[in-house]
Protein chains: 2
Amino acid sequence: MGLLICGGNVVTMSEKGVIRDGAVLIEGDRIIEVGKYDDVKRRNPRGYEKLNAKGKIVLPGLINTHHHLAMSLLRGYADDMPLKEWLEKKIWPIESIMTSEDVYIGAKLTAVESVLGGCTTVNTMYHYTPEFNEAKAIAEVGTRGVVGHVCFSWRKNEDLKLIKSLAEKWHGVENGRIRVSVDPHAPYTVDPNYMVELWNVTLDLNEKYREKAPIIFHIHLAETMDEVDKIRRIFGVNLNGGVVEYLDSLGVLGRLTLAAHCVHLLEKEIAILASRGVKVAHSPVSNLKLGSGVSPVPRLLEAGVNVGLGTDSVCSNNSSDMFETMKFAALIHKGIHMNPSIMSAWKVLQMATIDGAKALNWDYELGSIEPGKKADIILVDAQKPHAIPMYSEISHLVYAVKNSDVETVIVDGRIIVENREIKTVKTEELVEEFLKSRNKLMERAGLTSHIACG
Amino acid sequence: MGLLICGGNVVTMSEKGVIRDGAVLIEGDRIIEVGKYDDVKRRNPRGYEKLNAKGKIVLPGLINTHHHLAMSLLRGYADDMPLKEWLEKKIWPIESIMTSEDVYIGAKLTAVESVLGGCTTVNTMYHYTPEFNEAKAIAEVGTRGVVGHVCFSWRKNEDLKLIKSLAEKWHGVENGRIRVSVDPHAPYTVDPNYMVELWNVTLDLNEKYREKAPIIFHIHLAETMDEVDKIRRIFGVNLNGGVVEYLDSLGVLGRLTLAAHCVHLLEKEIAILASRGVKVAHSPVSNLKLGSGVSPVPRLLEAGVNVGLGTDSVCSNNSSDMFETMKFAALIHKGIHMNPSIMSAWKVLQMATIDGAKALNWDYELGSIEPGKKADIILVDAQKPHAIPMYSEISHLVYAVKNSDVETVIVDGRIIVENREIKTVKTEELVEEFLKSRNKLMERAGLTSHIACG
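Remember, it's a predicted structure, so these values are computed and weren't measured experimentally. (Residues numbered from 1 in each chain as written. Chains lettered and ligands numbered in written order. Predicted model: local features only at pLDDT ≥ 70, side-chain atom pairs only at ≥ 80, totals over all residues. Heavy atoms only, no water.)

## Quick notes on a negative patch on the surface
Together, E428, E429, E432 and E433 of chain A make up a negatively charged patch on the protein surface. Structurally, E429 of chain A is set in helix α17 (residues 427–444). (Patch = residues over 30% accessible without salt bridge, like charges linked within 9 Å, V, L, I, M, F, W, Y side chains within 5 Å. Areas by Shrake-Rupley, 256 points an atom, 1.4 Å probe, with all protein chains shown as cover. Salt bridge = Lys/Arg side-chain N within 4 Å of Asp/Glu carboxyl O. Lys, Arg positive; Asp, Glu negative; His and termini not counted. Charge placed at Lys NZ, Arg CZ, Asp CG, Glu CD. Helix = DSSP H or I, 4+ residues; strand = E, 2+ residues; numbered from the N terminus.)

Shown next as structure tokens:
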């Protein structure tokens, strides 16, 4: 018994472009056929359930390539502050008293927020614990994710055990919906030896789990200007060039490397990223909000680097909204370069779908609506006053559509969101449990005044 | 019989700050009392209808200080193009065949879009005709607006008649909900003599309608870099300084002047704007999308210039979303200046409310929730997964809340939107009529291929 999405404007993100009055036939977790509704129907006269997409845009599920799901407990906890003060006085102290249950409940809320906004796959980096964790949260919500345990030099031994436990327990489970990654925090918090060790762990794990799926190496890179100085100061490394050159000298840049941010790059570093096949996760909202700057994305694209989009955590955003992120990504570079033709809607939509899938080394199964790929598909209602008329589905999705226009979400062939209601989670119970955890966290921190509202 | 909004977190935008478990008592079109719910109830034990705002944020209606309402027919009609080509090949040809009915229906759709997103007052500049126009559209939707007829040198005589007819027919009508303005298009399309004439018309009209309400002088200013060159070339003016200096030399800068954009300013021009009391309408999304650049808003604010926010038309946005505009306004300057502490959420929220009211010379009645002011109030649902937890209502409204979270909208004491449904317009009929007009417009333009979708 298959599922036939019929009558919508199918934005395939493949060479088939947009198919109006299109149809997508799904069997199990896979897309079987894509084409004009009439053709698909003629070839498949029966044997499926129908999902009416008349007047809707049908799009691959969006892919968020950089997030920290669990941090939703701290959404808006501290804003408009200088980065150092924000981290040292606000974020790190409160994170240090978060429990593994907090991580789980925070991640679950973000997974729900994400899928309600049309995002079917998230790549998340956070502290892993075997009992309660982000993978468990994503698995329960029914979406797809790459989950990494964030590594720091100061807890090396613990990290290495946790990475192995994470991989054993979660890599490739839930019909392949969950993958794991190896996540050194950043070049200035992971010493050179440990960085190389983590790269080798990545290669070993890829060897071990070769038949399951690739395991990527996810790292914050060149987010702020002071990283080179920090590496010199903290690790005593004699650095001449930039931080990309430094990582390249360690041999940790390759097709499995996903570098988040890449705001402060020398021109020659862009060439290195391109030649090594490193992927970039562009998080424009977070980079602006933290005052980090603006990543040279148009140059990265020219150089041939694959760039996906990320929201980053809701501490520095404060939303997991991929539609908003698309609009920021499309507009900010136009404004700064005073060129309205760069970062076209088409390129940005690729970044949120197929290029996001490439960033996660998952494009053989995700990122476009094509036969053989996983059935991760969203239906967008484009008939409300703010979204009419429609001339081009592509520019509409980037510039006019809101994440609240996502009506139906299918992940792995299963309808997770229908008519804007999530079917896998009792939202009211989740919200109640989440707010309880938040209140307890504030109590532990002696910040009861923060509990008053919401 | 009054209306009591009870139990919400009232963000007054006055010196009273945020009142939790607050209440707002409305009688007729005015706010009568604001305070803690218990206090207001004690002083007013009965005689009103109740509107439960428990768990909601109660905020003054947002004020959009720069728009062209009618252009919704062209939402997404042409994107990602160089400005000159966009205007000359796409926008102007199609606008030249728009009828006055098109203007009316386009404006009506945008008024609905706006109010559903929490915007209760819009300032709009477009072509006025006596029968069908933007004022009529706003009046019917039940919101509030400042409506101007856009003036060009080439149609001087016609313009002057239309300005007078607009003022006679619409200024101060609908219980004062509609105001008119005098709108020279820009310094490079209105010659110096005509500019001065329009300023004098503004002063005359203010004299004539002194007892009704102020009439502002709304102009595009310093949107692109080439304005000085254009003025030199087109009008043969011997210009040394910038375009602000030029307008100042004509004597048309004052407290009634609202300058949209102000992207390209010399430092001394910022001082002129401040000393003349000119107000600025900052439209960050449009400025980025058209590749115009980024307005030096932090400098304008430092200099003491009052800055409101605008979306600009949906041709260059492609949305009338004031929440999105707040987020862009808060973030873009942080990123460019690499300083997360500038453009605080509080300042940006002021820009969208009380400073917007000031920009329209309407702050004695709008922009904050205070006794005596007009009852333009919105209720925002901040309890959905993407909007919890809440630590600060202020940063929440700017960084996390979506315009689709606006649940109830009150304008002039009347509930216009309830539970996200507009009560003054039959949305389905409007959408149908709007799409018919769009299709006819495309047919007249010989662009039937543009009709296919939406």
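## What about helix α17 (residues 427–444) of chain B?
Residues and elements named next belong to chain B. Over its 18 residues, α17 runs 26 Å from end to end, which matches the ideal 26 Å to within 8%, given 1.5 Å per residue. For α17, every residue scored as buried is listed here: L430, V431, F434, L435, S437, R438, L441 and M442. Across the axial projection of α17, the buried residues extend over an arc of 160°, all falling on one side. Of the exposed residues in α17, the ones pointing more than 90 degrees away from its buried face are E428, E429, E432 and K440. Where α17 is buried, its residues touch α2 (83–95) and α3 (100–116). A positive phi of about 70° marks G446, the residue just after α17. (Expected span 1.5 Å × (residues − 1). Buried < 20%, exposed > 50% of the residue type's maximum accessible area, 1.4 Å probe, protein only. Arc of directions from axis to C-beta. Contact = heavy atoms within 4.5 Å.)

## Overview of the domain arrangement of chain A
All names here are of chain A. Split by domain assignment, chain A resolves into domain 1 (3–60 + 371–421) and domain 2 (62–359). One C-alpha centre belongs to domain 1, the other to domain 2; they are set 29 Å apart. On the side of domain 2, 29 residues touch domain 1, which itself brings 27 residues to the contact. Both faces combined, the contact of domain 1 with domain 2 buries some 2300 Å², and carbon together with sulfur accounts for 65% of it. The interface formed by domain 1 and domain 2 includes two salt bridges. We note a salt bridge from R144 to D376, for which the minimum N-O separation is 2.6 Å. Seen at the junction of domain 1 and domain 2, the total is nine residue pairs in polar contact (both at pLDDT 80 or more). Contributing elements (two or more residues each) for the side of domain 1 that touches domain 2: β5 (56–60), β14 (377–381), α16 (393–399), β15 (406–411) and β16 (414–418). The greatest single-element share of the side of domain 1 that touches domain 2, amounting to five residues, is contributed by α16. In terms of residue class, the side of domain 1 that touches domain 2 is made up of 17 nonpolar, two polar and eight charged. (Domains from an automatic or database assignment. Buried area = accessible area lost by both parts, 1.4 Å probe. Polar contact = N/O pair within 3.5 Å; in protein donor to acceptor, adjacent residues only side chain to side chain. Nonpolar A, V, L, I, M, F, W, Y, C, P; charged D, E, K, R; others polar.)

## Quick look at the pattern of salt bridges
All names here are of chain A. Here the structure, examined in full by the defined rule, presents 74 salt bridges over all chains. Between R42 and D39 there is a salt bridge whose closest N-O contact spans 3.2 Å. Placement of both R42 and D39 in helix α1 (residues 37–43) is noted, with a separation of three residues, approximately one turn of the helix. Here R42 falls in the exposed class, since its relative accessible area comes to 61%. With a closest N to O distance of 2.6 Å, D79 and K289 form a salt bridge. One end of the pair, D79, is in the loop between β6 (62–67) and α2 (83–95); the other, K289, is in helix α11 (residues 284–289), and 210 residues separate them in sequence. The residues D79 and K289 share a single accessibility class, namely buried.

## Some thoughts on the packing of aromatic side chains
One pass over the structure, following the stated rule, counts nine aromatic pairs over all chains. Measuring from ring centre to ring centre gives 5.5 Å for Y104 of chain A and F132 of chain A, while their planes differ by 50°; the resulting arrangement is tilted. Note that Y104 of chain A is positioned in helix α3 (residues 100–116) and F132 of chain A in the loop between β7 (119–126) and α4 (134–141), a separation of 28 residues in sequence. A relative accessible area of 10% means that Y104 of chain A is categorised as buried. You can call F132 of chain A partly exposed: its relative accessible area is 26%. Here F152 of chain B and W154 of chain B contribute two aromatic rings whose centre-to-centre distance is 5.8 Å and whose plane-to-plane angle is 25°, an arrangement assigned as stacked. What makes F152 of chain B buried here is its relative accessible area of 13%. Taking relative accessible area as the criterion, W154 of chain B reaches 65% and is therefore assigned exposed. (Phe/Tyr/Trp six-rings, centres within 6.5 Å; stacked < 30°, edge-to-face > 60°.)

## Remarks on the relation of the copies chain A and chain B
Turning chain A through 180° and shifting it by 0.0 Å along the axis lays it on chain B, with an RMSD of 0.0 Å. On the angle and the small slide along the axis, the relation comes out as a two-fold axis. Among all C-alpha atoms of chain A, that of S404 of chain A lies closest to the rotation axis, at 3.4 Å. The fraction of interface residues of chain A whose copies in chain B are also interface residues reaches 100%, indicating that both copies meet through the same surface. (Least-squares fit on C-alpha atoms with pLDDT ≥ 70 in both.)

## Focus: helix α7 (residues 192–208) of chain B
Residues and elements named next belong to chain B. Helix length check: α7, at 17 residues, gives a terminal C-alpha distance of 24 Å against a target of 24 Å (1.5 Å per residue), a fit within 8%. Regarding α7, the residues found buried are P192, Y194, M195, L198, W199, V201, T202, L205 and N206. At the N-terminal boundary of α7, the capping side chain belongs to D191, with an oxygen 3.2 Å from the backbone nitrogen of N193.

## Remarks on the environment of A70 of chain A
All names here are of chain A. Looking at where A70 falls in the secondary structure, it is placed in the loop between β6 and α2. Residue class for A70 comes out buried when judged on its relative accessible area of 0%. Sequence spacing of A70 and L116 is 46 residues, and the spatial spacing of their C-alpha atoms is 17 Å.

## Some points on the interface of chain A and chain B
The interface of chain A with chain B comprises 69 residues on the first partner and 69 residues on the second. When the two sides are added together, the surface that chain A and chain B hide from each other amounts to roughly 5300 Å², 64% of it contributed by carbon and sulfur. Considering only the side of chain A, the residues that lose the most area to chain B are D80, P385 and Y391 of chain A, jointly responsible for 15% of the buried surface there. Counting every contact that joins chain A to chain B gives eight salt bridges. For D321 of chain B, the salt bridge is made with K402 of chain A, and the minimal N-O distance between the two is 2.9 Å. Linking chain A with chain B are 31 residue pairs in polar contact (both at pLDDT 80 or more). Breaking the side of chain A that touches chain B down by element, the ones donating at least two residues are α3, α11, α13 (322–337), α16 and α17 of chain A.

## Some thoughts on the side chain of E95 of chain A
Residue and element names in this part refer to chain A. Within the element layout of this structure, E95 appears in helix α2. At a separation of 2.5 Å, a polar atom in the side chain of E95 contacts the side chain of Y126. In this structure, E95 is in contact with M71, L74 and Y126, ignoring residues within four places of it in sequence.

## What to know about unusual backbone geometry
Keep in mind that most residues, glycine aside, have a negative phi and that most peptide bonds are trans. The omega torsion of the bond from N317 of chain A to N318 of chain A falls at 5°, within 30 degrees of zero and hence cis. Inspection of the secondary structure puts N318 of chain A in the loop between β13 (307–309) and α13. Here M338 of chain A, not a glycine, exhibits a phi torsion of approximately 50°, which is positive. If you trace the backbone, M338 of chain A turns up in the loop between α13 and α14 (345–352). One non-glycine residue with positive phi stands out, namely D312 of chain B, at about 65°.

## Looking at the environment of D229 of chain A
All names here are of chain A. Note on placement: D229 falls in helix α8 (residues 227–235). Residue D229 is classed as partly exposed on the basis of its relative accessible area, which comes to 46%. When the C-alpha positions of D229 and D159 are compared, they lie 25 Å apart, and in sequence the two are 70 residues distant. Engagement of the side chain of D229 in a polar contact is seen with the side chain of R232, the distance being 3.1 Å.

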